[in-house]
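Listed here are the chains, written in short residue letters.
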Amino acid sequence: MQTEIIIAGFGGQGVLSMGKILAYAGLMENKEVTWMPAYGPEQRGGTANVTVIVSDERVSSPILSRYDVAIILNQPSLAKFESKVKPGGILIFDGNGIIEPPTRKDIQIYRIDAMDAANERNMAKAFNMVVLGGLLKLKPVVEIGGVVKALKKTLPERHHHLIPMNEEAIKLGMEIIEEVK
């Protein structure tokens, strides 16, 4: 089974780190993965996206033009990537960053109010993990245990005290994601 994912938003939203953690979690579970980031020269405020492929078999190419899943965190990214979700695929969007919601009828569309939920619980730094939790509820490409191991691998040791909050954020995302009918 191979899942091709694009995660897109503004720099500073944790787009690239969400993809990196997802890829590391796949590695920890002995899966084949690719992680291909793309971002503008700005670190914060510019657009950023990352393509992640998680597969049980070898990945032939990390370059994609269509995706099984798109995680969209801002309006410019929705305009760019909504049309690139394969028919029957999944589009997940954060309600805080989207003014004009997706309109396609041939894909499954889910809303996750991750930014609002993270802010309400004083875990704004774990916003991206709330979104990741929503993805993992719909497409369990990796296990939460693998994500926790990936956090330990990717976060500097001085931030390891935040891992329980990140795990809580993942579980929160699994609870609050909703299909848009």
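Above: the structure in question.
I will try to describe carefully the structure that is included in this document. Note that the structure is predicted; figures quoted are calculated from it, not measured.

### Some words on the overall build of the chain
- Of the regular secondary structure elements, the chain holds 6 helices and 7 strands.
- Secondary structure elements in the chain, listed N-terminal to C-terminal, are β-α-β-β-β-α-β-β-α-α-α-α-β.
- Computed over its C-alpha atoms, the radius of gyration of the chain comes to 15 Å, within 12% of the 16 Å expected for a compact globule of 181 residues.
- Seen along its three principal axes, the alpha-carbon backbone of the chain occupies a region of about 45 × 40 × 35 Å.
- Looking at the chain residue by residue over its 181 residues, the buried ones come to 48%.
- Put simply, of all contacts in the chain between residues at least 6 apart along the chain, 57% involve residues at least 24 apart.
- Between the centroid of the 21 positive side chains of the chain and the centroid of its 21 negative side chains there is a distance of 4 Å.

### A look at the sheet that holds strand β2 (residues 32-39)
- With mixed pairing, the 7 strands of this open sheet are ordered in space as β2-β3-β1-β4-β5-β6-β7. In this open sheet, the two strands that pair with only one neighbour each are β2 and β7 (178-179).

### A look at helix α4 (residues 127-138)
- A rise of 1.5 Å per residue sets the reference length of α4, with its 12 residues, at 16 Å; its end C-alpha atoms lie 18 Å apart and thus fit the reference within 8%.
- Among the 12 residues in α4, 10 count as buried, and that is most of the element.
- What α4 keeps buried is the set F127, N128, M129, V130, V131, L132, G133, G134, L135 and L136.

### Remarks on the nonpolar core
- Counting 43 residues, the largest nonpolar core has L22, I71, I92, M129, L132 and V147 as the members making the most contacts within it.
- The element that contributes the greatest number of residues to this core is α4, accounting for 7 residues.
- Once residues within four sequence positions are removed from consideration, L22 is found in contact with I5, V52, V54, L132, L135, V141 and V142.
- In terms of nonpolar packing, the next biggest core, distinct from the first, is built from 13 residues, I6, A8, A70 and F93 among them.

### Some words on the pairing of strand β5 (residues 85-94)
- Counted residue by residue, β5 has 7 buried out of 10 residues, so it is predominantly covered.
- Direction of pairing for strand β4 (residues 67-72) relative to β5: parallel, over a ladder of 5 bridges. Along β5, the bridge assignment pairs A70 with L91.
- The pairing of β5 with strand β6 (residues 108-112) spans 5 bridges and is parallel. Its bridge partner lying in β6, L91 is registered against I109.

Criteria and cut-off values
- Residues numbered from 1 in each chain as written.
- Predicted model: local features only at pLDDT ≥ 70, side-chain atom pairs only at ≥ 80, totals over all residues.
- Heavy atoms only, no water.
- Helix = DSSP H or I, 4+ residues; strand = E, 2+ residues; numbered from the N terminus.
- Rg over C-alpha atoms; globule rule 2.2 N^0.38 Å.
- Buried < 20%, exposed > 50% of the residue type's maximum accessible area, 1.4 Å probe, protein only.
- Contact = heavy atoms within 4.5 Å.
- Lys, Arg positive; Asp, Glu negative; His and termini not counted.
- Charge placed at Lys NZ, Arg CZ, Asp CG, Glu CD.
- Pairing = 2+ DSSP bridges.
- Expected span 1.5 Å × (residues − 1).
- Core = buried A, V, L, I, M, F, W, Y, C linked by side-chain atoms within 4.5 Å.

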